[in-house]
Each structure stands twice: as structure tokens, then as C-alpha cells.
Amino acid sequence: MKFPVLSIGLILLAGLLCKQLIDTPPSGHPVRIGIDGLSHDHVHGLLNNHRKRADIQIVGIAEPNKKRAQELADRYGFDMNIVYDDLAAMVEQTQPQGVVAFNSIYDHLNTVEVCAPRGIHVMVEKPLAVSGEHAGKMAKLARENNIHLLTNYETTWYPTYYKVFEMAVRNRQIGDINKVVINDGHKGPVEIGCSPGFLDWLTDPVLNGGGAVTDFGCYGANLMTWIMRNQEPETVTAVLQTIKPEVYPEVDDQATIILTYPHAQAIIQGSWNWPVERKDLSIYGKEGYVTALNGQDLEYRLNRSVPKKQMKVTQFPLDAKEPFSYFADVIRGDIKVEETDLSSLENNLIVVRILDAAKQSAAEGGTVQFKKKSSVFDI
């Protein structure tokens with residue numbers, strides 16, 4: 001049986017799951033968690049060591065593909081009796097407090113439509129939605145039913161990113177920010193061995209909302225919105241290409257997005273064509289720069305008269321150090337989600353609007369003026 005190649009970030013995530021949650025049991029009873037879908041390969045990060053966790057309990061799984069479910073049950077040791085054909089049946093029978101979505105991005109709307117009226121909190125894998133239309137419906141349901149609707153990104157759990165934010169944004173150690181460059185991606189989902197079920201929707205323009213522009217462009221949009229504290233860009237300009245049409249005939253595999261703000265710009269490069277896996281972030285100011293090379297390695301130069309320096313960053317500033325303990329703490333009320341947080345609904349509504357504008361820009365071959373919100377439900 002061949003399983004997909006996991007990214008370095010997911011491998012580190014699995015290790016964090018085991019150590020931190022066994023060593024530091026949470027207060028109270030485990031939060032009851034349901035899973036909607038098993039087709040997203042990031043589900044491995046949750047299933048790995050799930051039986052040793054003290055913070056959450058997986059009470060139900062909605063997955064119509066019983067072959068896929070059985071393979072993962074054999075690998076990770078969950079009972080097939082908790083697997084249901086659809087989400088509505090699963091939540092009615094198991095009564096979860098929260099649901100994590102590992103289905104297609106298109107199906108995120110259905111997850112919220114089922115969960116929100118029942119008061120069940122939701123966390124989806126990035127990005128929030130395939131389109132502004134879907135995102136608007138999801139936000140309306142979440143707000144009307146008073147549930148948390150979070151979006152998870154691997155980079156939210158990188159210690160270096162918070163150090164970069166502290167140095168460049170909070171402490172202004174490099175002067176006024178004028179440029180941000182964010183690079184994300186790998187050789188391609190086919191090339192790194194993603195599972196067939198994952199590829200079926202990841203390379204579909206409807207189910208994923210695009211190719212690399214959705215899969216990796218969302219990271220940069222999320223991070224830049226965080227850096228700008230939810231300030232919206234003025235313009236969006238994007239170029240989308242398919243470098244390997246024989247592999248990805250229906251979607252882009254290379255995306256470059258430029259965002260402009262009154263005194264700064266961001267260059268977001270998401271690609272399924274990098275020769276190596278990368279997730280790096282550089283912020284440039286009037287006096288210096290600071291770069292997160294990966295999750296733990298940081299490089300900086302505070303002004304031109306001093307040489308560059310490097311450091312290892314291992315301390316993490318949040319009480320929760322990975323997505324599922326974070327979700328549990330949010331449900332318990334132990335963590336308050338701020339509007340400018342990386343996982344927040346407010347941030348991720350802006351992200352979806354940026355991705356919509358990027359696709360519009362690429363289709364029209366020009367710069368798009370970013371549309372401002374007219375109400376809290378208009379994204």
C-alpha cells in the first residue's frame with residue numbers, strides 16, 4: 001500500500017502532536033471532534049497519534065469512500081464504526097463540539113451549512129473557500145449561529161514567522177515596511193506523491209478553485225493580511241501559468257500575485273514548480289530586512305552598517321502549538337481569536353477576496369482595483 005509523501009512541516013507537526021499533548025494534558029474533558037472527509041492528505045497530521053491525545057477525542061468521521069477510510073483505519077487504528085457516509089448523519093449520531101474539514105475546498109460550504117445551524121464549530125484547511133460567494137455564505141452562517149469558523153495553515157505553526165512579525169511589525173526594528181516577498185510550494189502534488197483521492201479535487205478548477213494560485217497563493221495572502229493587520233490592498237495583479245500542461249491540464253501550476261498598499265507592496269509566489277519545497281517570508285524595511293527561511297531558521301540585518309545575522313527560533317508565542325489543540329482551546333473558551341489572527345474569519349475573508357481578484361487579474365491580463373467591503377457580510 002502506497003501512502004503519500006508527507007511534507008517536512010507535517011512530519012514536524014506529527015511529532016508535536018505526540019510530545020506536547022502527552023506531556024501537557026489540557027484542562028477539563030477532551031473536546032469531541034468530528035472529521036468531514038479523508039481526501040485531504042493533511043488529515044495524516046490529525047490521525048497520527050490521535051489515540052494518545054488528551055485534548056481531543058475523534059468521535060465521528062464522514063467519508064463515503066470506505067476503501068480510503070479502511071486504509072486509514074488500518075494505518076492509524078480508528079474504529080470503522082465511527083465512519084459515516086455523510087456529515088449530517090455523523091453529527092446527529094456522534095454530537096461533536098467541533099468539526100475539522102479535510103474535504104475539497106468546494107465542500108467547505110457544505111461543512112458549514114451542516115454544522116453551523118447545530119452550533120458546531122468548524123475549522124477548515126486552507127483556504128477558507130473556493131470563491132467570495134462561498135465565503136460570504138459561510139461567514140453569514142457562522143455569525144448568525146455564533147460558531148467559530150477557523151482556517152488552518154501549516155505556516156501558522158512556524159515559530160520564525162512570529163519572530164519576524166515581532167521584529168518587523170510590532171517592534172519596527174527595520175523601519176517602515178515597504179516590501180514583503182513570500183514564497184511557497186514544492187515540485188508539485190503529483191511529483192511529491194499526493195494520494196489519488198487528494199489529486200482528484202486538488203487539480204480540479206471547480207473543486208479547488210484553481211491550482212497553485214489556490215493551494216499556495218493563499219499562504220501569502222494570509223500572511224500579508226496578518227502583517228498589514230487586516231488592511232486591504234489597493235490593487236491586485238497576477239500572472240498564472242501552466243508550465244506542465246501534460247501533468248496539470250486544467251489548472252495553473254505557477255502563480256505570481258502582486259498586492260499594493262499605500263506605502264508597500266507584496267510579491268506572492270506560489271508554485272508547483274519549485275525544485276525544492278519552500279515556505280519562506282521576507283520583510284524589507286527602510287533600514288533593514290528580516291527573513292524566515294523556514295519554520296526555525298531566521299536571518300536578519302537591521303541596517304546596512306552591520307552584517308547579517310542568523311538565529312534559531314524554537315520558542316512559540318501561542319499557548320497552543322499546533323492546529324488541533326488550538327481548535328480545542330478556542331472551543332473551550334481558553335483562547336480568544338482576535339480578528340487579525342492568522343486563523344480568524346476576518347483575515348481569511350480578505351484572503352478569499354485577494355484570490356478572487358488574482359484570478360480575475362490573470363484572466364483579464366491587467367491590474368484589478370480591490371473592491372472594498374460595504375457591510376460585514378459583503379466579502
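Each remark here, short or long, concerns the structure printed above.
Residues numbered from 1 in each chain as written. Predicted model: local features only at pLDDT ≥ 70, side-chain atom pairs only at ≥ 80, totals over all residues. Heavy atoms only, no water.

S.K.: How do you make sense of unusual backbone geometry when you look at a structure like this?
M.R.: Peptide bonds are, in most cases, trans, and in most cases residues other than glycine have a negative phi. In this structure, the amide linkage connecting Lys 126 to the following residue, Pro 127, adopts the cis form with an omega of -15 degrees. Relative to the assigned elements, Pro 127 resides in the loop between strand E5 (121-125) and helix H6 (132-144). In this structure, Asn 49 takes a positive phi of about 65 degrees despite not being glycine. Residue Asn 49 is classed as partly exposed on the basis of its relative accessible area, which comes to 23%. Even without glycine at this site, Asn 146 takes up a positive phi of about 55 degrees. Take Asn 146: it is sitting in the loop between H6 and strand E6 (149-152). (Helix = DSSP H or I, 4+ residues; strand = E, 2+ residues; numbered from the N terminus. Buried < 20%, exposed > 50% of the residue type's maximum accessible area, 1.4 Å probe, protein only.)

S.K.: Whenever I open this one, the pattern of salt bridges confuses me. Can you help?
M.R.: Opposite charge on two side chains allows them to pair when their charged atoms are near. On inspection of all chains with the given rule, the structure shows 18 salt bridges. One salt bridge connects Glu 71 with Lys 67, and the closest N-O pair in it is separated by 2.8 Å. Within this pair, Glu 71 and its partner Lys 67 are both found in helix H3 (residues 66-76), separated by four residues, close to a single helical turn. The salt bridge involving Arg 118 is made with Glu 92; its shortest N-O contact spans 2.6 Å. Here Glu 92 lies in helix H4 (residues 87-94) and Arg 118 lies in the loop between helix H5 (108-115) and E5, a separation of 26 residues in the sequence. Each of Arg 53, Asp 55 and Glu 322 takes part in one network of salt bridges that share partners. (Salt bridge = Lys/Arg side-chain N within 4 Å of Asp/Glu carboxyl O.)

S.K.: Which parts of the structure should I look at to understand the sheet that holds E6?
M.R.: Hydrogen bonds along the backbone pair up the strands of a sheet, which may run parallel or antiparallel. In space, the six strands of this open sheet follow the order E3-E2-E1-E4-E5-E6, with parallel pairing throughout. In this open sheet, the two edge strands, each paired with only one partner strand, are strand E3 (83-84) and E6. Packing against the sheet, H4 makes contact with strand E1 (31-36), strand E2 (56-62), E3 and strand E4 (98-101), and its axis sits at approximately 140 degrees to E2. Sheet strands touched by H5: E1, E4, E5 and E6. Its angle to E5, the strand with the most contacts, is close to 170 degrees. (Pairing = 2+ DSSP bridges. Contact = heavy atoms within 4.5 Å. Axes fitted to C-alpha atoms, helices over the stretch in contact; angles between N-to-C directions.)

S.K.: So what exactly am I meant to see when it comes to the sheet that holds strand E13 (residues 297-301) here?
M.R.: In space, the nine strands of this open sheet follow the order E14-E13-E12-E11-E7-E10-E9-E8-E15, with mixed pairing throughout. If you trace the sheet from one side to the other, it starts and ends with strand E14 (309-312) and strand E15 (368-369), each paired once. Bridge count between strand E8 (residues 235-241) and E15: two bridges; the pairing is antiparallel. Paired with Val 236 across the strands is Val 368, a residue of E15. Where helix H7 (residues 159-170) meets the sheet, it contacts strand E7 (177-185), strand E11 (278-285), strand E12 (289-292), E13 and E14, and its direction lies at approximately 170 degrees from that of E12. Where helix H10 (residues 217-227) meets the sheet, its contacts fall on E7, strand E9 (254-261), strand E10 (264-271) and E11, and the angle it forms with E7 comes to roughly 150 degrees.

S.K.: Which parts of the structure should I look at to understand the packing of H5 against H6?
M.R.: Angle between the axes and distance between the axes: these two values describe a pair of packed helices. It is the contact of H5 with H6, at a shortest axis distance of 9 Å, that shows an interaxial angle of 20 degrees. On the basis of their axis angle, the class for H5 and H6 is roughly parallel. Handedness of the H5/H6 crossing: left-handed. Contact residues: H5 offers His 108, Leu 109, Val 112 and Glu 113, while H6 offers His 134, Lys 137, Met 138 and Leu 141. (Parallel < 35°, antiparallel > 145°, perpendicular 65-115°, else oblique. Left-handed = near helix turned anticlockwise from the far one by under 90°.)

S.K.: Would you mind showing me how to read H3 here?
M.R.: Because each turn of an α-helix spans 3.6 residues, side chains separated by three or four positions end up pointing in the same direction. Every buried residue of H3 is listed here: Arg 68, Ala 69, Leu 72, Ala 73 and Tyr 76. The arc that holds the buried residues of H3, viewed along the axis, is 135 degrees, so those residues lie on one side. Exposed side chains of H3 directed beyond 90 degrees from the buried face belong to Lys 67 and Asp 74. Elements in contact with the buried residues of H3: helix H2 (44-47) and E3. The residue sitting at the N-terminus of H3 and contributing the capping side-chain oxygen is Asn 65; that oxygen lies 3.1 Å from the backbone nitrogen of Lys 67. One or two positions beyond H3, positive phi appears at Gly 77, with a value near 80 degrees. (Arc of directions from axis to C-beta. Polar contact = N/O pair within 3.5 Å; in protein donor to acceptor, adjacent residues only side chain to side chain.)

S.K.: Any chance you could explain helix H12 (residues 345-364) here in plain terms?
M.R.: Compared with the 28 Å implied by 1.5 Å per residue over 20 residues, the 29 Å span of H12 between its first and last C-alpha is a close match. Looking one or two places after H12, you find Gly 365, whose phi comes out positive at around 75 degrees. (Expected span 1.5 Å × (residues − 1).)

S.K.: How do you make sense of the pairing of E2 when you look at a structure like this?
M.R.: It is a general feature of regular strands that their side chains alternate between the two faces of the sheet. Summarising burial for E2: six of the seven residues are buried, a large majority. Note: E1 against E2, six bridges, orientation parallel. Following the sheet pairing, Val 31 is matched in E2 by Ile 56. Bridging between E2 and E3 involves two bridges; their strand directions are parallel. Opposite Ile 61, over in E3, you have Val 83 as the bridge partner. Handedness of the crossover is the feature at issue here: the chain leaves E2, passes through H3, returns alongside E3, and the resulting connection is right-handed. (Right-handed = clockwise from strand over helix to strand, strands pointing away.)

By themselves, these observations are geometric and do not establish any function.
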